[in-house]
Amino acid sequence: MTGAEAVEKIVGALETVDGLRPATLVSPETTWLPVGQAVDLSADVVQIRLIATRLPIPPLLEQAAAAVRPVLAGTEWEGARLRLVVTDLDGAAFRRATSQ
């Protein structure tokens, strides 16, 4: 599996986790960025930057890890540490938390 294919599958797996979405790096001169910017692959660490749209965050990260690990099985990244980084919290998370 290529890196691009792995990123695509990782992003697809994350779509199953309600409350998280991949983050992208945005610059003023860029109008479009691929979602792959949210995922960094290396032999040691697979880092995924996420935006949380629900609270609490720890259970969401557990769900994300459980969704992503099978994607990495059998690939060159299988033994890599999985680092999930919440880079932003969507305002909707606060609205949901206060309405519950």
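Remember, predicted model here, so these are calculated numbers, not experimental data.

Chemist: Mind laying out the nonpolar core, listing which residues take part and the relevant values?
Modeler: If you look at the biggest cluster of nonpolar residues, it comprises 24 residues, and the most contacted ones within it are I10, L14, L20, V39, V46, I48 and V68. Listed by contribution, the elements that provide at least two residues to this core are α1 (3-14), β3 (45-52), α2 (57-72) and β4 (81-89). Contact partners of L20, with chain neighbours within four places excluded, come to L14, L50, I51, A52, T53, L60, L61 and A64.

Chemist: Give me the confidence of the model for the chain: which residues, what numbers.
Modeler: In this model, the chain carries a mean pLDDT of 87, and residues with pLDDT of at least 70 account for 82%. Ranking the helices and strands of the chain by mean pLDDT puts α2 first, with 98, and helix α3 (residues 91-99) last, with 69.

Chemist: Requested: an account of the environment of D18, with residues and values cited.
Modeler: Counting through the fold element by element, D18 comes out in the loop between α1 and β1 (20-22). In the structure, D18 is positioned 34 residues away from A52 in sequence and 9.2 Å away in space, judged by C-alpha atoms. Once you skip the residues sitting within four places of it in the chain, D18 turns out to touch R54 and L60.

Chemist: Account for unusual backbone geometry, with residues named and values stated.
Modeler: That bond from L55 to P56 is cis: its omega, -5 degrees, falls within 30 degrees of zero. Following the sequence through the fold, P56 ends up in the loop between β3 and α2.

Chemist: Can you tell me about α2, naming the residues and giving the values?
Modeler: With 16 residues, α2 should reach 22 Å at 1.5 Å per residue; the first-to-last C-alpha distance of 23 Å fits that figure. Buried within α2 are the following residues: L60, A64, A67, V68, V71 and L72. Along α2, the residues classed as buried sweep out an arc of 135 degrees about the axis, all on the same side. Opposite the buried face of α2, by more than 90 degrees, sit the exposed residues P58, E62, A66 and P70. Buried residues in α2 make contact with α1, β1, β3 and β4.

Conventions used here
The residue numbers shown here count from 1 along each chain, following its written sequence. Side-chain atom pairs in this predicted model are given and counted only at pLDDT of 80 or more, local residue features only at pLDDT of at least 70, and totals for whole chains, interfaces and linings cover all residues. For the side-chain quantities, the full set of heavy atoms in the structure was used; hydrogens and water were omitted. Definition used in this section: a nonpolar core is a set of buried Ala, Val, Leu, Ile, Met, Phe, Trp, Tyr and Cys residues joined via side-chain atoms within 4.5 Å. Burial classification: accessible surface area is computed with a 1.4 Å probe over protein chains only, and a residue below 20% of its type maximum counts as buried, one above 50% as exposed, and the rest as partly exposed. Numbered from the N terminus, helices here are DSSP runs of H or I no shorter than four residues, and strands are runs of E no shorter than two. Contact criterion: two residues are considered in contact whenever any of their non-hydrogen atoms come within 4.5 Å of each other. pLDDT runs from 0 to 100 and stands for how confident the predictor is about each residue. The span expected for a helix works out to 1.5 Å for each residue beyond the first. Here the arc refers to the set of directions running from the helix axis out to each C-beta atom.

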